[in-house]
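So the chains spell out like this:
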Amino acid sequence: MKTYCIYNSHYELPESWKHITDHDSFLQPNYFAALEDASPKNIQFFYVGVFNNDVLVGIAVVQRVQLYLKDMFRKTEVSCFKETFKSIVSKIVRGNILVVGNLMHTGQHGVFYQTNNISHIDYLNIVFEALNALKIRIKTTQKKTIRAIMLKDFFEADTIHKSKDFFLSNKLHHVYVQPNMTMRVNPNWLKMEDYVVPV
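These figures come from a predicted structure and were not determined experimentally.

### Remarks on the packing of aromatic side chains
For step 1, the next point in the chain: In this structure the tally under the stated criterion is 8 aromatic pairs.
For step 2, the next point in the chain: Connected via pairs of aromatic rings, a cluster forms that spans Tyr7, Trp17, Phe26, Tyr31, Phe32 and Tyr47.

### Things to note about the pattern of salt bridges
Pairing is possible between side chains that carry opposite charge, provided their charged atoms lie close to one another.
For step 1, the next point in the chain: Evaluated as defined, the whole model comprises 3 salt bridges.
For step 2, the next point in the chain: Here Asp122 and Lys2 are joined by a salt bridge, their closest N and O atoms 3.8 Å apart. Here Asp122 is found in helix H5 (residues 120-142), whereas its partner Lys2 is found in strand E1 (residues 2-7), with 120 residues between them in sequence.
For step 3, the next point in the chain: A salt bridge links Lys18 to Glu15; the nearest nitrogen and oxygen atoms lie 3.5 Å apart. One end of the pair, Lys18, and the other, Glu15, are both in helix H1 (residues 15-20), 3 residues apart, so they sit about a helical turn from each other.
For step 4, the next point in the chain: Residue Lys18 is classed as partly exposed on the basis of its relative accessible area, which comes to 35%.

### Quick look at the pairing of strand E3 (residues 55-67)
For step 1, the next point in the chain: Burial analysis of E3 places 12 of its 13 residues in the buried class, which makes it a mostly covered element.
For step 2, the next point in the chain: If you look at the hairpin formed by strand E2 (residues 43-52) and E3, you'll find 2 residues sitting between the two strands, and Asn53 has a positive phi there, around 55°.
For step 3, the next point in the chain: Relative to strand E5 (residues 111-113), E3 is paired through 3 bridges, and the arrangement is antiparallel. Counted as the bridge partner of Gly58 is Tyr113 from E5.

### Some details on the nonpolar core
For step 1, the next point in the chain: Counting 24 residues, the largest nonpolar core has Val48, Val50, Val62, Leu98, Tyr123, Leu131 and Leu134 as the members making the most contacts within it.
For step 2, the next point in the chain: Looking at this core, the elements with two or more residues in it are E2, E3, strand E4 (95-100), H5 and helix H6 (164-169).
For step 3, the next point in the chain: The biggest single contributor to this core is H5, with 9 residues.
For step 4, the next point in the chain: What Val62 contacts, discounting residues up to four positions off in sequence, is Gln44, Phe45, Phe46, Val48, Leu98, Val99, Leu131 and Leu134.
For step 5, the next point in the chain: Counting residues in each nonpolar core, the second largest holds 19 residues, with Ile20, Tyr31, Phe32 and Leu56 among its members.

### Points about unusual backbone geometry
For step 1, the next point in the chain: For Asp54, which is not glycine, the phi dihedral falls at a positive 65°.
For step 2, the next point in the chain: Considering the arrangement of structural elements, one finds Asp54 in the loop between E2 and E3.
For step 3, the next point in the chain: On the basis of relative accessibility, which here comes to 70%, the residue Asp54 falls in the exposed class.
For step 4, the next point in the chain: Notably, Lys143 is not glycine yet its phi reads approximately 60°, a positive angle.
For step 5, the next point in the chain: Looking at the secondary structure, you find Lys143 in the loop between H5 and strand E6 (146-151).

Parameters and conventions
- Residues numbered from 1 in each chain as written.
- Predicted model: local features only at pLDDT ≥ 70, side-chain atom pairs only at ≥ 80, totals over all residues.
- Heavy atoms only, no water.
- Phe/Tyr/Trp six-rings, centres within 6.5 Å; stacked < 30°, edge-to-face > 60°.
- Salt bridge = Lys/Arg side-chain N within 4 Å of Asp/Glu carboxyl O.
- Helix = DSSP H or I, 4+ residues; strand = E, 2+ residues; numbered from the N terminus.
- Buried < 20%, exposed > 50% of the residue type's maximum accessible area, 1.4 Å probe, protein only.
- Pairing = 2+ DSSP bridges.
- Core = buried A, V, L, I, M, F, W, Y, C linked by side-chain atoms within 4.5 Å.
- Contact = heavy atoms within 4.5 Å.

Keep in mind that these numbers describe shape and distance, not what the molecule does.
Encoded structure:
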C-alpha cells in the first residue's frame, strides 16, 4: 500500500530519510536544519515522505511561500510608472504558493524516489495527494489559501516530462527558464591562464 506522511520540521523526519538520501547532502536533515534557521520569514518548510508498505521509498521538500508586494520588489526611488507596474504585478502574483523543491538552492535537490520500489507516476500521485492535504491543512490552521503549486528544477530529459496526463489532470504547465550554466573543464587546464581565451 502506498501512503504519505507530512512532516513540519527536520526534527520529525524518520531515521530512514537519512539513508535513502545519503547520495545528496542537500536532502539531509542537517542541511534542512541550517535552511530552516536561515530562511526568510515568508517561507515555511514541509517534508513529504512517500511509503510503500510502510517503507520510505521517496521524499519531497515542500515550501509554502508568501508572495506579497513588499517581498517581490526592492525599495527604490518611487516613480509613477514603477508604482503602477508594481501594483499590477502584485495583484497577479500574490498570496501563498506551494513549491515542490528548494527555492533557496538551484538544482534537483527537492525530490527523490527509489525507482526500483515505486513507479514515477505512483510517486507523483502520492506527492500530489500530500499537497492537496497540505492545502486543506494550511487553509484550516493558518487561514491561508494556496493559489498555485510549482515543481522546480527539472532537466528537459527528466522522466517527469513524459507524464502528460498527470500534468493535464493537475492543471500544471511547463515553464522554461535559463539553461544550466555548465562548462567542460579540459584536463590540461592546470592554472588560471589556461581558462582565459586570448583576444
